[in-house]
Amino acid sequence: MCREGVLTIKKLFKEAQRLLAEAGVPEARLVPPRSHEFGEATTAYPMEKAGMVGKRPFELAEEIVSKLGSSELIESVKAVPPGYINFYADWRRFSEHTLSEIFRLGQMGYASSEIGEGKVVLVEHTSVNPNKALHVGHARNVYLGDLVARTLSKTGHKVYVLNYVDDSGVQMASILLGFLELGIPASPPEGVRFDEYCGDHVYVEVSRKAETDRTLEERLRSLAKRVEERGSGEFRYAREVAEKVLSYQLMTCWRLGARYDMLFRESDVVASGLWSKTFQRLLEAGIIYKAASGENAGCWCVDLSGHETLSKEGDEVLVKSDGSTTYVARDIAFALWKLGESDVEIGGRVWGRNPDGSEILITDTDTATHLEIPKASMVITVVGSEQRRPQEVIKYVLKKLGVDGERYLHFSYERVSLSSESAKRLGMREVERKAIHMSGRRGIYIKVDAVLDELKELAAQEVRRRHADWGSDKVDEVSEAIARGALRYSLLRTEAEKAVVFDMREALRLEGDTGPYIQYSVARAHRIVEKARDAHLQPSMRKSGDLVKEEKLLIRSASYLPLVVEEVAKTLRLRQLLTHSREMAVRFNEFYEKCPVIEGGESAPFRLALVESYIIAQASLMDIIGIPVLREM
RNA sequence: GGGCCCGUAGCUCAGCAUGGAUAGAGCGCCGGCCUUCUAAGCCGGAGGCCGCGGGUUCGAGUCCCGCCGGGCCCGCCA
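Residues numbered from 1 in each chain as written. Chains lettered and ligands numbered in written order. Predicted model: local features only at pLDDT ≥ 70, side-chain atom pairs only at ≥ 80, totals over all residues. Heavy atoms only, no water.

Chemist: Please explain unusual backbone geometry as it appears in this structure.
Modeler: Peptide bonds are trans in most cases, and residues, glycine excluded, mostly fall at negative phi. Here the residue pair proline 81 and proline 82 is connected by a cis peptide bond, since its omega of 5° sits within 30 degrees of zero. Tracing the backbone through its elements, the reader meets proline 82 in the loop between β2 (74-80) and β3 (84-89). With a phi close to 40°, serine 127 is a non-glycine residue in the positive phi region. Along the polypeptide, serine 127 turns up in the loop between β4 (120-124) and α5 (136-154). (Helix = DSSP H or I, 4+ residues; strand = E, 2+ residues; numbered from the N terminus.)

Below, the structure is given as structure tokens:
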């Protein structure tokens, strides 16, 4: 899709910049002001420059303003103490331009852009061990990764989403140990999901037994090694169990709004020969060595002595003394493949489809067809901050192999822990700590589906109260959408590098700074549009008189939207999308209170256009954020 | 011990990248608003040594240094 002309808000900035250039200060930097009182564009240039030319900032500002000419979208420019220059929009023109732009580009186009220029980006997220159901900590990973993917694909990037399935680690092996050697039934009781059965019952049970039975650790290790041997019975069985768990995990992921292009099985890193090829390369590049003595005797290790900080912590083991690989080894090989820096062909097949109908591929070394992915200009791996070290090792190795490390980005985030209150509800006794880390092994976690179900029930109560006439299907559909919007917003509202303390009571809120607040504003807007239709009211992008404050602020917030999205695509400060979505919703609610539409007299047609444009702009942003849009709630 | 992240209102969080105009929300608390488009909303109020100390600057919540408090990493786990 091609944009006709320049975006209105950008045009306003361009005009302001041109005026400044004509006044002799082309270097003045314009930014959006933090308050509407300071106009639509502002510069602190006089304060930065005053000292150097020996003038007082405010005088310099006035001097510059006096030299400014006029332009189409800017009505006035003011010099303001202590030394700002503020540009104010010509609201008649600015609003008309903005509204027509929103209508022209529509919900699919308004928030999107082409700045990605079709660059291929691989985003890896989710990557939950296939031995359990997703808990709320995993949900943060899915939401963050999915939002990165959504944002980038809306801004002209070609995005491929990968889910790395660790079917060859110890966690997987412990499930197999339970089934094969400890006599735990391999199928769950009636009505219990397989992923929940493995995580809640099998994994916890095996971990518990391992505490008293010291031989289990050794049996587990030898089982894990056999799982890595392509063609062994254990290899096949592990893949079978993993795929089964995965199929249930993905149901949860879809409920979270995520989608995937490819499921990459860790067992295939070794089985496909990707690892052995990578090993050869590392060997030839002289990055690895086999330790003859010391604590790593018999292991192949990465030489980290050249790394500024990692060198202090000792070298990284890639191949254990028993010949099996470590997670970091497999991840290095995988990273090379993701970056298109490996010529090893990976077999694969179609696994299934996302709810949106797109195909999901899965690696499968037994298949003759090869998976093809265009070379990625950037690989983004969404992994918790506790994995900073291994991720840094990967990056270091990539650089040593001559790959541009800037192409490999670790999108790091802090983990989700449970508030002591929520932990108490799970039967935890030690509550003196403020937050307790979730642990699959100890059975301390809250499953995502359980949270969504509770949220949904809460929403359903409210929906039924408001709409006694609705059938159960409609109540179900709407309350599910509210629950999804609420949880997504609540787990994304904290900046990724900050730890989240999950509190059930807090998560179950549907008012205030929440997803439903935004959904509700759109539902209200839809109701106005319906009533307007009944009243045969036609929208108009022009207003006869001056715009009132609430009208201006609503348009203003919508006009900045495309700018915000482009900014986030560059910085990946995802939170700003939520902040802006909320800002628009707040502006709409203020407008809603103060400005009657249907009974708005002369202003009615213009206000109707405003309401319709709000729906388009907000919905286009919600499409990116992944909050379901509702016409009624 | 070494490395990284966090510390802003009673609680949960914005603002810090790119220093600048009275430090913003939500929850909770107090007080208002439903004969007019959905009150999951709106309006008002109380509530802040921006962890502490120093530095840079005309100007620091934002940048630099030190300290204190909390978290994470430093495994032949992933």
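That covers the picture; the talk isn't over yet.
Chemist: Please clarify how the pairing of strand β5 (residues 158-165) should be interpreted in this entry.
Modeler: The two faces of the sheet receive side chains in turn, since in a regular strand these alternate between them. Across the eight residues of β5, seven count as buried, placing the element largely inside the fold. In this sheet, β5 lies alongside β4 in parallel orientation, the contact comprising five bridges. Bridge pairing in β5 places valine 123 opposite valine 161. The parallel pair β4 and β5 is bridged by α5, and the resulting crossover is right-handed. As paired strands, β5 and strand β6 (residues 262-265) are joined by four bridges and run parallel to one another. (Buried < 20%, exposed > 50% of the residue type's maximum accessible area, 1.4 Å probe, protein only. Pairing = 2+ DSSP bridges. Right-handed = clockwise from strand over helix to strand, strands pointing away.)

Chemist: Help me understand the side chain of aspartate 146, please; the structure alone is not making it clear to me.
Modeler: Mapped onto the elements of the fold, aspartate 146 is located in helix α5. Within the local environment of aspartate 146, its side chain forms a polar contact with the side chain of arginine 488, the two groups lying 2.6 Å apart. Apart from residues lying up to four places away in sequence, aspartate 146 is in contact with His125, Gly257, Ala258, Arg259 and Arg488. (Polar contact = N/O pair within 3.5 Å; in protein donor to acceptor, adjacent residues only side chain to side chain. Contact = heavy atoms within 4.5 Å.)

Chemist: Whenever I open this one, helix α15 (residues 448-466) confuses me. Can you help?
Modeler: Counting along an α-helix, one turn takes 3.6 residues, and residues three or four places apart therefore face a common direction. If you check α15, its first and last C-alpha atoms are 27 Å apart, about what 19 residues at 1.5 Å a residue would give, namely 27 Å. Those residues of α15 lying buried are Val448, Asp449, Val451, Leu452, Leu455, Lys456, Ala459, Ala460 and Val463. At its buried positions, α15 is contacted by α5, α9 (233-255), α16 (472-492), β16 (500-502) and α17 (504-507). (Expected span 1.5 Å × (residues − 1).)

Chemist: Explain the pattern of salt bridges here, please?
Modeler: Two side chains of opposite charge can pair, provided their charged atoms sit close to one another. Under the definition given, this model contains 62 salt bridges. Among the salt bridges present, the one from arginine 265 reaches glutamate 243, with a minimum N-O distance of 3.0 Å. Of the two residues, arginine 265 is situated in strand β6 and glutamate 243 in helix α9; the sequence distance between them amounts to 22 residues. For glutamate 243, a relative accessible area of 22% corresponds to the partly exposed category. Residue glutamate 243 pairs with arginine 349 through a salt bridge whose shortest N-O separation is 3.5 Å. Taken together, the residues span a long stretch of sequence, with glutamate 243 in helix α9 and arginine 349 in strand β10 (residues 348-353) at a distance of 106 residues. One network of salt bridges, with partners in common, ties together Arg193, Asp195, Arg255, Asp449, Asp453, Lys456, Asp476, Glu480 and Arg484. (Salt bridge = Lys/Arg side-chain N within 4 Å of Asp/Glu carboxyl O.)

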